[in-house]
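# Working through the structure, step by step
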Amino acid sequence: MNPFVTQFVIERAALGDPLTARLRGRLPGAGITIVDDPRRLPWQEAAEEGALFLMRHRGAFVKDFPMTPGSPPCGEKYIVTMINCPHDCSYCYLQSYLGHGRLVIFTDLERMKKEVAASISSESPKRITTGEMSDSLALDELTGTTLELLPLFEGTGTFLDVRTKSARIDHIISAVEAGLPASSLVMTWTLGPPDMIEREERGTAPLPDRLEAMARALGAGIRVGVRFDPVVPLYADMDAYASLIGRIARSADGRRIDRFEIGILRFPPGLIEKVRARHPRSGLLEGEYLRDSEGKLRLYRPARVEIYRGLARLVREAFPGARIELSMEDREVWEDAGIALPAR
């Protein structure tokens, strides 16, 4: 049994959905509770530890990324395939954004696919990711969501970007080796120094496992991206990142990395209070943070620019010509850091 899941809580309306049947078939030992509306369950009845909620989605599946004022357009959307994550990263913004810890998978997959297809054909985003409201691959070997969505992207010019801190890619590699077209797939790994992963990203794959998975994906001809997001000030030592980038280069072994996205830790309203309560010894709490116009706490701007400049220099040395983008920063920060704005 998958170590994250010991029990299903299933919405009655979702009982007949093929994805529900798939999950029950792949986890036959999991307990089952059937309810009319899981949203109405009191928190103490949620059996949150080890529970996977299967229900239909009430809102839109495809959404626009919220933009930082003054930032260049990112050309991205995201798909809400599930919410929450079995990992326990101390900095995860979902702690304050969602207000609950329930791990939910939406089972009305056919409606999801229709919305994705319509979004690609009508607005032509550059990338659509499944990694905004959860880790794209943490449970994907069970749900098969990536393999369901990928055919919708072939030949459209839009990429399906799966973002992860896991190494659970066997099912995707097997499908690609069996002939599934994957020219529209990007597998993006969030990476950081080993001590940051150990202290702040509990339940995720260790760095060597992520790098090995990255090498396997590149070897299978799949595009790969890297995210340094968040860069946590306590761990933002340039020697540590130089070592990390060197390890990425050895894993890539001369093959192209699709892009590097860099973002420095920021705290949306309510998050730092969650971190203090849940992770009182976290290194996230060390640093000089100031509140911006959106209400987020950010590292002092000159310090951010210095970090961006240093990381961009290290990336360019190891990957000449690599595309570098900043996450949630305005145009002036891009320019001050010496990073080219994305083409319109």
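Located above this text is the structure these notes cover.
All values reported here derive from a predicted model rather than from experimental measurement.

Criteria and cut-off values
Residues numbered from 1 in each chain as written. Predicted model: local features only at pLDDT ≥ 70, side-chain atom pairs only at ≥ 80, totals over all residues. Heavy atoms only, no water. Salt bridge = Lys/Arg side-chain N within 4 Å of Asp/Glu carboxyl O. Helix = DSSP H or I, 4+ residues; strand = E, 2+ residues; numbered from the N terminus. Contact = heavy atoms within 4.5 Å. Buried < 20%, exposed > 50% of the residue type's maximum accessible area, 1.4 Å probe, protein only. Pairing = 2+ DSSP bridges. Core = buried A, V, L, I, M, F, W, Y, C linked by side-chain atoms within 4.5 Å.

### Points about the pattern of salt bridges
Following the criterion strictly, the structure yields 41 salt bridges and no others. Here Lys-113 and Glu-148 are joined by a salt bridge, their closest N and O atoms 3.0 Å apart. Note that Lys-113 is positioned in helix α3 (residues 109-123) and Glu-148 in helix α5 (residues 145-149), a separation of 35 residues in sequence. When the shortest N-O distance is used, the salt bridge between Asp-229 and Arg-266 registers 2.9 Å. Here Asp-229 is found in strand β13 (residues 223-231), whereas its partner Arg-266 is found in strand β15 (residues 266-267), with 37 residues between them in sequence.

### Remarks on the environment of Ile-222
Here Ile-222 shows up in the loop between α8 (207-219) and β13. With 46 residues separating them along the chain, Ile-222 and Val-176 place their C-alpha atoms 8.6 Å apart. In contact with Ile-222, other than residues within four places in its own chain, are Ile-172, Ile-173, Val-176, Leu-185, Met-187 and Ala-217.

### What to know about the pairing of strand β10 (residues 159-164)
Counting buried positions along β10 gives five out of six residues, so the element sits mostly inside the fold. Strand direction decides the pairing type here: strand β9 (residues 127-129) and β10, joined by three bridges, are parallel. When the bridges of β10 are listed, Ile-128 appears paired with Leu-160. Of the strand pairs in this sheet, β10 and strand β11 (residues 185-190) are connected by five bridges, and their pairing is parallel. Following the sheet pairing, Asp-161 is matched in β11 by Val-186.

### Comments concerning the nonpolar core
Within the largest apolar cluster, 87 residues are counted, with the highest numbers of intra-cluster contacts made by Met-187, Leu-191, Met-214 and Phe-228. Per-element accounting of this core gives the leading share, seven residues, to helix α11 (residues 301-318). In contact with Phe-228, not counting residues within four places along its chain, are Leu-191, Tyr-241, Leu-244, Ile-245, Ile-248, Phe-260, Glu-261, Ile-262, Gly-263 and Val-315. Counting 15 residues, the second largest nonpolar core, distinct from the first, contains Phe-8, Leu-23, Leu-54 and Leu-142.

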